[in-house]
Amino acid sequence: MSTYFQPRKYAATDFASTTATGEALPVVVVGAGPVGMGVALGLAQRGIPVTVLEAADQVSFGSRAICISRHSLEVAARLGFGPELEKIVLPWVGGRSFYRDEEVLHFEMAHGEHDVRGPMVNVSQSEIEQIMTDTLLAHPLITFHWSSSVAGVLRSDEDVTLDVDTAFGVRRLRARWVVAADGGRSRMRELAGIRLQGNSYEGSYVIADIHWESALPAERMVWFDPPSNPGSTIIMHRQPRDIWRIDYQLDSADDAELETQEDRIRDRITRHLDWLENDVPWTLEWHGFYRAHALALDDFTHGRILFAGDAAHLVPIFGVRGLNSGMEDAETLAWTLAAVVSGTADCALLQAYSAERRDAWQQNVDNAGKSTLIMSPGGHGYRTTRDAVLALATTRPEFGHLINPRQSSATHAHLSPLTWPVAEGTTGVLPGDPMEDRRVRVVTAGGAVESSLNRVRGTGFAVLGIGVDAAGADVVAAHAAAMSMALAPESVRAVVVPAPGVAVDAADDLTVLDDPDGVLAQALGASAGECFVIRPDGLVLCRIRDLSLLGDVPAHLRAATAPVLGVVPAHTETAATPEELLRENVWTGLSEALDQAEESDREGFLTRLALLLGSQSGRREFEEALAAASQVSGKACSGTPRHSHVGA
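Bear in mind the structure is a predicted one, so any value in this text is a computation, not a measurement.

Draft legend 1. Up close: the state of the cysteines. This model, assessed by the stated rule, comprises zero disulfides. With no disulfide partner, Cys542 has as its closest neighbouring cysteine sulfur the one in Cys531, 7.3 Å distant. Judged by relative accessible area, which is 0%, Cys542 ranks as buried.

The structure is reproduced here in structure tokens:
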């Protein structure tokens with residue numbers, strides 16, 4: 001019996017139009033996907049009434065996005081729907097890639113003993129949206145209108161008027177601010193007369209959900225050129241309740257309309273599951289179609305219309321950055337827009353949101369682009385080198401890192417106009433970096449109790465003092481209280497880690513952490529007396545030694561500026577080794593050179609290149625390279641999987 005999630009239907013909503021002379025609604029959110037609902041929850045959490053318009057009569061149907069990052073789970077916790085979401089997710093930490101029937105990569109995402117959550121979980125977007133919907137419908141400050149699609153937009157300097165098609169006729173809503181979160185085919189974007197800019201990749205994927213009671217593990221599994229579907233690439237992910245997501249690539253010569261018919265999809269999946277020696281019945285539950293895009297608006301703010309999520313940008317599916325990036329958009333937009341609506345910040349703060357999140361899109365594209373060139377190579381050059389890398393990786397595992405999907409991680413805001421500079425040479429967690437949740441111990445009258453940094457710092461700003469004495473703790477608490485007054489309705493919490501041997505009493509306005517071994521300070525790279533100001537979206541705003549500078553934070557936030565002294569924070573280190581960076585540069589350089597070579601001269605180009613490089617190496621090294629290249633060129637692929645863990 002299928003366990004596939006079926007969304008519930010909602011009755012169409014009737015509502016009155018706002019009058020031309022009446023008070024405008026504070027905020028209207030167009031689109032009830034995860035991003036739009038995330039913005040609505042964040043605004044309502046700060047006391048701002050929100051009206052949500054959704055063109056459909058239910059949440060989305062089908063898995064769509066399924067891989068949710070640790071950082072997105074932190075966002076969910078701060079927005080108030082995390083506990084319900086975490087009850088139904090399926091955790092995973094890594095994956096395997098195969099070239100034909102040979103394993104060429106086994107990776108694990110970073111996770112440690114102090115992490116509150118694992119690096120990634122799987123759950124369908126439809127179920128996420130249902131949990132968020134239930135949370136929104138229960139909130140007294142959120143008004144939800146189903147079956148309400150925007151048909152027209154009229155803008156002024158003071159407000160935006162929306163013509164809304166409903167089952168009861170056209171209604172007109174006037175709002176001070178409108179958040180356009182209506183997806184990749186955004187009607188709001190069309191009505192605003194703006195377009196996404198960027199690149200679209202070659203290659204198309206069919207995506208399908210099946211109910212299949214398999215014993216395969218919860219990990220990302222990818223087959224390049226599998227015997228079951230030669231020339232294709234197949235991705236498999238386990239979801240909760242025996243639901244499996246299967247993505248497979250179509251050949252450029254395939255008829256997409258024909259290949260997306262159910263009988264063709266069943267045939268493709270059957271061939272692969274049979275190759276995995278499956279004897280368990282399965283059912284096709286949902287299917288869709290996908291092409292990779294790297295597109296974005298130049299500016300996410302257009303007067304009083306603010307764009308977020310897929311309405312503002314599209315990223316390739318590989319590395320699971322779409323929904324995860326959208327949740328970051330939602331949380332950043334929620335606190336910045338709340339500050340503007342409440343009058344505690346200038347509209348420049350929304351321009352900071354735009355600059356930050358467009359730069360975040362670029363970060364995602366830079367990472368996802370490399371994965372996409374492996375998963376869906378475009379020109380001849382990248383197709384040739386991709387196949388060569390896969391073949392080499394069967395006998396030379398050092399090439400496997402080029403196949404790594406570079407799974408989604410939280411983006412930074414180093415270049416944001418809000419981010420404070422630091423002293424040159426500062427290392428550790430820098431301004432603009434995400435402050436990831438971790439296990440901590442909180443001092444109470446009854447002794448230290450287990451908690452997490454995310455829970456301790458709350459949903460607003462936090463001032464975190466490291467290695468302070470009693471007087472320093474009082475200063476941190478006093479500045480946090482002053483910031484809370486200046487930034488209301490945003491909350492501000494004071495948290496301190498006392499210096500070794502120093503006793504600091506916890507109070508209603510001060511949380512004290514027990515860190516006798518200096519584990520937290522070491523993780524942050526902080527020295528005694530340093531203070532971090534953490535934004536509501538989990539990014540570090542500033543890191544300072546002179547605690548008196550905390551008094552400058554509200555004024556800078558109001559004006560969306562930062563001090564000018566110091567250096568722009570930026571990490572120069574990379575997890576890649578010099579050898580890995582060299583192989584990556586060789587791969588991309590050779591791919592692009594092959595793309596530029598004349599079709600009739602490709603073999604000649606490669607021969608000349610081999611002669612040049614061979615003449616620069618020793619005879620032994622050259623002979624070893626010739627032997628390695630020859631060894632994989634004649635490898636055959638059997639028709640049966642060789643590794644027991646891929647058997648059904």
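Right, picking up where we left off after that structure.
Draft legend 2. Main features of the nonpolar core. Residues Phe81, Leu162, Phe307 and Leu337 are the most contacted members of the largest nonpolar core, which totals 104 residues. The contacts of Phe81, once residues within four sequence positions are left out, are Leu41, Ala76, Ile128, Ile131, Met132, Thr135 and Met327. With 35 residues, the next largest nonpolar core counts Phe107, Val315, Trp361 and Trp587 among its residues.

Draft legend 3. Spatial organisation of helix α15 (residues 578-596). With 19 residues, α15 extends 27 Å between its outermost C-alpha atoms, agreeing within 8% with the 27 Å of an ideal straight helix rising 1.5 Å per residue. Within the span of α15, buried status applies to Glu584, Trp587, Ser591 and Leu594. Down the axis of α15, the buried set is contained in an arc of 110 degrees. They therefore lie on one face. Exposed and facing more than 90 degrees away from the buried side of α15 are Pro578, Leu582, Asn585 and Gln596.

Draft legend 4. A look at empty space enclosed by the protein. With the rule as written, the count across this model stands at five cavities of 30 Å³ or more. Approximately 90 Å³ is the volume attributed to the largest cavity. Lining the largest cavity are Trp335, Ala338, Ala339, Thr344, Ala345, Leu349, Phe461, Leu487, Pro489, Glu490, Leu557 and Arg558. Looking at the lining of the largest cavity residue by residue, the classes come out as nine nonpolar, one polar and two charged.

Draft legend 5. Layout of the packing of helix α1 (residues 34-45) against helix α4 (residues 125-137). Running from amino to carboxyl end, α1 crosses α4 at an angle of 25 degrees, the nearest separation of the two axes being 10 Å. Here α1 lies roughly parallel to α4, going by the angle between them. Helix-helix and strand crossings are classified by hand; for α1 and α4 the assignment is left-handed. In contact with Pro34, Met37, Gly38, Ala40 and Leu41 of α1, α4 contributes Gln125, Glu129, Met132, Thr133, Thr135 and Leu136. Partitioning the contact of α1 with α4 into residue classes produces six nonpolar, four polar and one charged.

Draft legend 6. Spatial organisation of unusual backbone geometry. A cis amide bond links Ala488 with the next residue in sequence, Pro489, at an omega value of 15 degrees. Secondary-structure assignment places Pro489 in the loop between α12 (470-487) and β23 (492-498). Its identity is not glycine, yet Arg64 carries a phi of approximately 50 degrees, on the positive side. Inspection of the secondary structure puts Arg64 in the loop between β2 (50-53) and β3 (67-69).

Draft legend 7. Geometry of the packing of aromatic side chains. Tallied over the entire structure, the rule returns eight aromatic pairs. Between Tyr4 and Phe61 the ring centres are 5.7 Å apart and the planes differ by 90 degrees, which places this aromatic pair in the edge-to-face class. Taken together, the positions of Tyr4 in the segment before β1 (25-30) and Phe61 in the loop between β2 and β3 put the pair 57 residues apart, joining distant regions of the chain. For Tyr4, a relative accessible area of 10% translates into the label buried. Here Phe61 falls in the partly exposed class, since its relative accessible area comes to 26%. On the basis of an interplanar angle of 0 degrees and a centroid distance of 4.3 Å, the ring pair of Tyr10 and Trp146 is categorised as stacked. Of this pair, Tyr10 sits in the segment before β1 while Trp146 sits in the loop between β8 (142-145) and β9 (149-155), and the two are 136 residues apart along the sequence. Taking the relative accessible area as the measure of exposure, Tyr10 reaches 15% and is therefore buried. Judged by relative accessible area, Trp146 falls into the buried class, the value being 4%. We note Arg304 situated over the ring of Trp177; from NZ or CZ to the ring centre the distance is 4.4 Å. Residue placement shows Arg583 over the ring face of Phe399; its charged tip is 5.8 Å from the ring centre.

Draft legend 8. Expanded view of the side chain of Asp537. Here Asp537 is to be found in the loop between β25 (531-534) and β26 (540-544). Residue Asp537 is classed as buried on the basis of its relative accessible area, which comes to 3%. A polar atom in the side chain of Asp537 sits 2.8 Å from the side chain of Thr332. A polar contact is formed between the side chain of Asp537 and the side chain of Trp335, at a distance of 3.0 Å.

Definitions and limits used
Residues numbered from 1 in each chain as written. Predicted model: local features only at pLDDT ≥ 70, side-chain atom pairs only at ≥ 80, totals over all residues. Heavy atoms only, no water. Disulfide = S-S within 2.5 Å. Buried < 20%, exposed > 50% of the residue type's maximum accessible area, 1.4 Å probe, protein only. Core = buried A, V, L, I, M, F, W, Y, C linked by side-chain atoms within 4.5 Å. Contact = heavy atoms within 4.5 Å. Helix = DSSP H or I, 4+ residues; strand = E, 2+ residues; numbered from the N terminus. Expected span 1.5 Å × (residues − 1). Arc of directions from axis to C-beta. 1 Å grid on protein atoms, 1.4 Å probe; cavity = no way out; pocket = protein on both sides within 12 Å on 5 of 7 lines; lining within 4 Å. Points joined across faces, edges and corners; volume = space filled by probe spheres on them. Nonpolar A, V, L, I, M, F, W, Y, C, P; charged D, E, K, R; others polar. Axes fitted to C-alpha atoms, helices over the stretch in contact; angles between N-to-C directions. Parallel < 35°, antiparallel > 145°, perpendicular 65-115°, else oblique. Left-handed = near helix turned anticlockwise from the far one by under 90°. Phe/Tyr/Trp six-rings, centres within 6.5 Å; stacked < 30°, edge-to-face > 60°. Lys NZ or Arg CZ within 6 Å of the ring centre and 35° of its normal. Polar contact = N/O pair within 3.5 Å; in protein donor to acceptor, adjacent residues only side chain to side chain.

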